[in-house]
Structures are given as structure tokens and as C-alpha cells.
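Observations on the model geometry
Take a look at the letters that make up each chain.
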Amino acid sequence: MAATPQNPSAATPRRKVSRHRGEGQWAAGHFTPLNGNEQFKKDDDGLNVRTRIETIYSKRGFDSIDPNDLRGRMRWWGLYTQRRPGIDGGKTAVLEPEELDDEYFMLRVRVDGGQLTTEQLRVIGEVSQEFARGTADITDRQNVQYHWIRIEDVPAIWQRLEAVGLSTVTACGDTPRVMIGSPVAGIAEDEIIDATPALEEMKRRVLNNPAYSNLPRKFKTAISGSPVLDVVHEINDVAFVGVRHPEHGPGFDVWVGGGLSTNPKLGVRLGAWVSMDEVPDVYEGVISIFRDHGYRRLRTRARLKFLVADWGPEKFRQILEDDYLGRKLTDGPAPDEPVSRWRDHVGVHRQKDGRFYVGFAPRVGRVDGTVLTKIADLAQEHGSSRVRTTVEQKMIILDVEEGRVDSLVESLAALDLTATPSTFRRGTMACTGIEFCKLAIVETKARGSALIDELERRLPDFDEPLTINLNGCPNACARIQVADFGLKGQLMTDDRGEQVEGYQVHLGGALGLEAGFGRKVRGLKVTSDALPDYIERVLRRYQAEREEGER
Ligand code: SF4
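For the structure given in this document, a descriptive report is provided here.

The rules behind these values
Residues numbered from 1 in each chain as written. Predicted model: local features only at pLDDT ≥ 70, side-chain atom pairs only at ≥ 80, totals over all residues. Helix = DSSP H or I, 4+ residues; strand = E, 2+ residues; numbered from the N terminus. Contact = placed C-beta atoms within 7 Å. Pairing = 2+ DSSP bridges. Axes fitted to C-alpha atoms, helices over the stretch in contact; angles between N-to-C directions. Near = placed C-beta within 6 Å. Nonpolar A, V, L, I, M, F, W, Y, C, P; charged D, E, K, R; others polar. Parallel < 35°, antiparallel > 145°, perpendicular 65-115°, else oblique. Left-handed = near helix turned anticlockwise from the far one by under 90°. Buried ≥ 20, exposed ≤ 12 C-beta atoms within 10 Å, placed from the backbone. Arc of directions from axis to C-beta.

Brief notes about the environment of W77
With respect to the secondary-structure elements, W77 resides in the loop between α3 (67-70) and β1 (79-83). A C-alpha to C-alpha distance of 35 Å links W77 and A413, two positions 336 residues apart in sequence. Among all residues touching W77, those that are not within four sequence positions of it are V49, R50, I53, T168 and V169.

So, the sheet that holds strand β4 (residues 135-138)
Taken together, five strands build an open sheet; the order of strands is β1-β2-β5-β4-β14 and the sheet is antiparallel. Looking at strand neighbours, the two that pair on one side only are β1 and β14 (366-368), the edges of this open sheet. Pairwise comparison of adjacent strand axes, ignoring direction, gives a mean angle of 35° for this sheet. Across the sheet, helix α5 (residues 118-131) is in contact with β2 (101-109), β4, β5 (144-149) and β14; its angle to β4 comes to roughly 140°.

Section: the site of the ligand
In the vicinity of the ligand, the contacting residues are C431, T432, G433, C437, L439, A440, N471, G472, C473, N475 and C477. Among the residues forming the shell around the ligand, the class breakdown is six nonpolar, five polar and no charged.

A few points about the packing of helix α7 (residues 196-206) against helix α8 (residues 279-293)
Where α7 meets α8, the axes come as close as 9 Å, and the angle between the chain directions of the two elements is 45°. One finds that α7 runs oblique with respect to α8. In terms of crossing hand, the pair formed by α7 and α8 is right-handed. Contacts between α7 and α8 involve A198, E201, M202, R205 and V206 from the former and V279, P280, Y283, E284 and I287 from the latter. Of the residues contributing to the contact of α7 with α8, the split by class is seven nonpolar, no polar and three charged.

Quick word on helix α11 (residues 405-414)
For α11, the full list of buried residues reads L408, V409 and L412. Buried residues of α11 fall within an arc of 100° about the axis and therefore sit on the same side. Facing away from the buried side of α11, by more than 90 degrees, are the exposed residues D406, E410 and A414. Lining the buried residues of α11 we find β12 (347-350), β13 (356-360), α10 (369-381) and β16 (395-400).

Shown next as C-alpha cells:
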């Protein structure tokens, strides 16, 4: 049985961690909640809110929702209140949560591995048109996000989604979030190993499982057997990366403790190689360590990265092996350098079965229900029943016969979904921003889209891989710390002394073997209006002065 605050005697296993007794770890006997979040999680499992939504809130309306459900447990089923329209970014930090709350919700649909059938995509599009005013963004963790959701409609939405095998369970909250997977798993010609069986088993074991529904905070997972390293494994709580062991063959290298936000840390390797069959056990071991030993006193220290930083990878591996697996893991090699600087699979690529996949680029992940339905139609008209989302807010249609590829590429382009995007269209991402997010200070999606147009006009020949990531606040939903241009939204004063939207600039971040965080250029802030000028200036100077091989 798993440890829960309601049943602490079931803690598995119990280990004294005297140095951090004050951090609220269950393994050190801290079952008395040390903050409001821990209290509401102890009072009632977040998974239980579903019954209240179905039987009470959807029938009696928004005002009937218990505040601890509204701003707490609703997340366990993918629901956040969205920002009340018309509240500017200057008020984000000063208003009370209830003043920021709209009576509509964001609803996140988890798309583990980015894997969708055309039938599922069509239902996502239909739900968007019927219940979400047409909204449906592709997120940078392969999910789909709706806005304008009424609580009255949530049971009907679940019914529609679940009828085709989709779910919103633990899409948010202190839970195992969506499991990122290679969008070309099982089809890419250069694949080291197809991780799909392990992904499926991980989902089967932890989703909707009360043993893992009260974690210290969110828990992010990635798994890929692609040599492109296409799942941002460096910034997940746990990641499995395809490698070839010299004796044992294809398997996975295990990483733990990555995460961005305000205290960014790159994941570290445990130096362990695991086979496909071992992945689910190791996954459950790591998530259980987080549940039992993770810090619960302060929300700002409640991610796995802080525990990993305190323990180090050797101690983490030893506790995983001794206390959770009951056996030693095999030592293994690190992944090789990624085979491409673009990791998004955009463009036309041959599959291992001789057919082709076509990756294309919506603008900053913004699509809508009508477009998603048309993508499903186009895929089917071209003989495909499988679509993928990527962690760069892009999409892929799989399984296209060679003779149908040109027709598909042209049809997608007619929907402004190009398979041959400019560097700027391809490399720009944006988080939700002030349009819907309660934490936002500035606009991001529309700004990112306008920035793409402007840079395409000014620098039509710039064709090197480049990432421009826009965030609406100091959080890191759009991964600003690991972008070439990481732009963190904030208010600033312009030349006329007026308060305007702008961005603090982080320069030169990267993932892959050169992984590192961008440098926060001291005092460098750019107003939103001046952003195209600034980026153009930096890129022209880079083109004029770079040395051989310099990024
Ligand atoms: Fe909201 Fe900030 Fe995340 Fe953007 S980065 S989605 S503004 S919390």
C-alpha cells in the first residue's frame, strides 16, 4: 500500500532524513500539513473532485464551487479558472485570487506521447467549437488547452473526450502530469528504440491512481528513443533517453531532477541503463521517492530538483536501488550529441516503413477547433489516421504514401500550416500569457505571431536554427532559460516615462550536449514594441561577427 497522509503507517519505505526534518517530507514523519496546499490535499484526494463536479457543481453553477476545489482540487482534472478579461498586467500581483478569477475555465487535455488518432483530433476540434468558443492551443508539453469552459459543460466534455480514449485526469495539480514522448516513436528511420510499450505501462500504473495523486508538487516525465533528443529530457523530473549499451543493446539512460521556473536546474544522469521492461519499475521508484522524500513545507522548494540537488545522483540512485527496486541497476552510457539542431520533426521525412511523415508549424501553438478538424480531415483524405503534437507547439501527420505528400503539404499550406516554415515561424514559442492566464503580466501569443511576421520581413534569408521563447511572467512555461532568445514578460518604463509591456532578455540558452541557461543580460529589458528592432540588431551583428562554427 502507498503512503498517504490519511494512512501514514503505509509509508513505503520509511527512512529518517534528519538534515531536512523541517522540509515536510513524509519519509521523515511529517504528516501534519505545513501549508494550505498540503492541508487541502490531506482533507480530500484531488481525484475525488470529479464526483462533485458531476453531481453538484455542473448542476448548481460556478457559485456553488467550494473555494478549495475551485483553486485547488479542480486541477486534478485539468481545470484552472482563467483570467477575468480586461485586468491589466500591473494588477496581477496586487489583486486577490478571487478578483482575478473569471467564471470560465481553462481545460487541459493530456496527450501522452503527443499521440492522437484522427478520430480523437476531430473530437478535440468538435468539443472546441461546441464548448470552448473555438479555442484549442497546442502546448509545449504536447497537450491541448481549451478556454472559455463553463462548469455546466464539463461532464458532457468528459463524456465526449473519454468516448475516444482521451482524458483530462491529472493534466494539472500536484500529480504525474502528461508524459512527453517522441512524436515519431515507432516510425522514425533513425530510431534507437520505440519507447511506446514503456509509455503505455507507465500510464497504466500511475494515472488515476490514489497512490500517486498527492505528490509534493507537479511531476514531469519524458521518454524518447529518438537520436534527435526530442522530448526536452534535460528539464523533466524524470526522463528516459534512448541509448545503445555496448553489451545489452538498445535501452534507456535515466535522468532525474530537471526543471525550470524560478530556480532552474538541468536534470542529472544516474549513470544507469535500463531495458524497456525495467522502465516502469524505475519510473514508479522515482515518483515514489518524490512522494515520500520530496519537500512539502514550501511550495517554492517542493519540486524533485531540490531533493536531487541536496542528495546528488549517487545517493539518489542508491536509495532508488536499495529502498524501492531491491536490486542494482546496470551502468550505462550517456546519449550521443543530438543528430539535428532542430528537434521538432518539421518538414517531410521518410519513415522506416517507406511511407512519410509531414511536420508542420502552426504559429506559436495557436490553432482552433475548426483548423484541428480540418487537419483530421486532411490526414484522412491522404490515407493517414495518426497525428502527433510536439514539444515545440508543432504538429505531425504520419503514414503518408510518397505520391500523396505534395498534395498534403499544399493543402496544409492553404491553412497557414506550412511544412517549410521560416526559422522564425519554426523557432518561436509562446506561453498562454495575459489573454487567459491569471499569473501573466504581458501578452504573448499575439505578440509572438506578430514578431514572426516582422522578422520574416526584415531577415528573409536568415535560415539557421534559432529559438525565441516568450513568457508572460517569471514562470517558465515557455522554457525561456533554454532558448537563444528567452523573453520574460514584465512591465517597464519606456522613453516617454510611461509604463508599458516589455521583456527581460535571457540570451544564449540551449538544450542538448551544450545545455545551459541563457545569460540574463544585466538590466537588459526591451519594450514589446522594440522587440523586432532588438532581435534584428542582435542577429545582424551575429551574422557579421560570428566565428567559424559559433552559434
Ligand atoms: Fe501563465 Fe506565466 Fe506560465 Fe505564461 S509563463 S502561462 S504567464 S504562468
